[in-house]
Amino acid sequence: MNVCSFVNTTSPVGAAFYAEEGCDIDFSGTYFPVVYVGEDNANGDGLRLDAPAKFSNGMQLVQTGGIMYIVGNLNNFQNHEVTRGITIKPYGSASINLASVSCRAFTISASDVIIRDLTFKGSKFNGNGGVLYWNGDNAYIYNCTFQDNKLSSYTSSGKGAVIYITGNSEIFTIENCTFKNNFAYDGGAIYVDDVTDNTLIYNSEFTGNYAAHYGGAIYYEGSIFYFVDETTRDKF
């Protein structure tokens, strides 16, 4: 499917397109305002893909400013590259369990990306950023839970069991989030490298996170760091 558009299409599930598990689809040049990825039923007004359906363009199917809905509790979620400013959130309640896959959830290389209201758990990724590797400006993570993510690498390549923040990020905001029982070599939950300018954390809780080297919860090399009304229990 190449360079297509869908206008005024209607169906109870997947109004524009529905793909069942096991499909391998190439949507080159085709974008949707709303995309659903999941294992449970959901009414869709865009593209619907049943996980773990494979599609070569991943999150790039969502147009700039669009929404990716995560549906249900996913256990086979593979690393998706996010290259446009989109919102990723649940359809109802949803979680992503990475325990059975050797990858992170998202590699982000775009500005204006929002992730909200999701639970991420069980990552055993061998590398930096066990759940999220983030290289983009104006980032926002809201009301998410990150639990039991433990990088398999105990060397200097295992930084940030939950989030590795890099690149020219002028503003990176985390609000109302919980980080619990995450483990890495540096930055048990979050690692921020020295090219990031402003990181803001609001009203978030860090409990039981551990680093083998530096920063049980957070390892920070950036310019300016703000904590606002947060509940914190770990040593940074």
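Residues numbered from 1 in each chain as written. Predicted model: local features only at pLDDT ≥ 70, side-chain atom pairs only at ≥ 80, totals over all residues. Heavy atoms only, no water.

Asks: Summarise the environment of tryptophan 134; cite the residues concerned and give the values.
Replies: Examined against the element boundaries, tryptophan 134 turns out to sit in strand S12 (residues 132-134). Residue class for tryptophan 134 comes out buried when judged on its relative accessible area of 0%. Setting aside residues up to four positions removed in sequence, tryptophan 134 forms contacts with Ile108, Ala110, Val113, Ile115, Ala139, Tyr140, Ile141, Tyr164, Ile165, Thr166 and Phe172. (Helix = DSSP H or I, 4+ residues; strand = E, 2+ residues; numbered from the N terminus. Buried < 20%, exposed > 50% of the residue type's maximum accessible area, 1.4 Å probe, protein only. Contact = heavy atoms within 4.5 Å.)

Asks: Explain unusual backbone geometry to me, using residue names and the numbers behind them.
Replies: Notably, asparagine 138 is not glycine yet its phi reads approximately 55°, a positive angle. Within the element layout of this structure, asparagine 138 appears in the loop between S12 and strand S13 (139-142). The phi angle at asparagine 176 is positive, at roughly 55°, despite the residue not being glycine. Looking at where asparagine 176 falls in the secondary structure, it is placed in the loop between strand S16 (171-175) and strand S17 (178-180). With a relative accessible area of 23%, asparagine 176 lands in the partly exposed category.

Asks: Tell me about the side chain of threonine 107, and name the residues and values.
Replies: Relative to the elements of secondary structure, threonine 107 occurs in strand S9 (residues 106-108). Of note is the side chain of threonine 107, whose polar atom sits 3.0 Å from the side chain of arginine 104. Leaving out residues up to four positions away in the same chain, threonine 107 has contacts with Asn79, His80, Glu81, Val82 and Tyr133. (Polar contact = N/O pair within 3.5 Å; in protein donor to acceptor, adjacent residues only side chain to side chain.)

Asks: Would you mind going over the nonpolar core in detail, with residue names and values included?
Replies: Judged by nonpolar contacts, the single largest core of 45 residues is most densely connected at Phe106, Ile115, Phe120, Ile141, Ile163, Phe179 and Ile190. In terms of residues, this core owes the most to one element, strand S6 (residues 62-74), which gives 4 residues. Once you skip the residues sitting within four places of it in the chain, isoleucine 141 turns out to touch Ile115, Leu132, Trp134, Phe146, Ile163, Phe172, Thr173, Ile174, Glu175 and Cys177. (Core = buried A, V, L, I, M, F, W, Y, C linked by side-chain atoms within 4.5 Å.)

Asks: Account for the environment of glutamine 63, with residues named and values stated.
Replies: As for its position among the elements, glutamine 63 is in strand S6. The exposure class of glutamine 63 is partly exposed, given its relative accessible area of 34%. On a C-alpha basis, the gap between glutamine 63 and valine 34 in space is 8.0 Å, while along the polypeptide they are 29 residues apart.

Asks: Summarise the environment of asparagine 97; cite the residues concerned and give the values.
Replies: Locating asparagine 97 in the fold gives a position in strand S8 (residues 87-97). As for asparagine 97 and asparagine 149, which are separated by 52 residues in sequence, their C-alpha atoms are 9.6 Å apart. A distance of 3.0 Å separates a polar side-chain atom of asparagine 97 from the backbone nitrogen of alanine 99.

Asks: Which residues make up the side chain of asparagine 149, and what are the values?
Replies: Relative to the assigned elements, asparagine 149 resides in the loop between strand S14 (145-147) and strand S15 (163-165). A distance of 3.2 Å separates a polar atom in the side chain of asparagine 149 from the backbone nitrogen of glycine 122. At 2.9 Å, the side chain of asparagine 149 forms a polar contact with the backbone nitrogen of serine 123.

Asks: Hey, could you go over the sheet that holds strand S7 (residues 80-82) for me, with residue numbers and the actual values?
Replies: In space, the 6 strands of this open sheet follow the order S7-S9-S12-S15-S19-S23, with parallel pairing throughout. Among the strands making up the open sheet, the edge pair consists of S7 and strand S23 (218-220). Across the sheet, the mean angle separating the axes of adjacent strands is 10° when strand polarity is ignored. (Pairing = 2+ DSSP bridges. Axes fitted to C-alpha atoms, helices over the stretch in contact; angles between N-to-C directions.)

Asks: Run through the confidence of the model for the chain, naming residues and quoting values.
Replies: Averaged over all residues, the pLDDT of the chain equals 80, while 69% of them reach at least 70. The secondary structure element of the chain with the lowest average pLDDT is strand S5 (residues 54-55), at 44, and the one with the highest is S14, at 98. The low-confidence segment residues 51-57, where pLDDT is below 50, has 24 contacts with residues more than four positions distant or belonging to other chains. (pLDDT = per-residue confidence, 0-100.)

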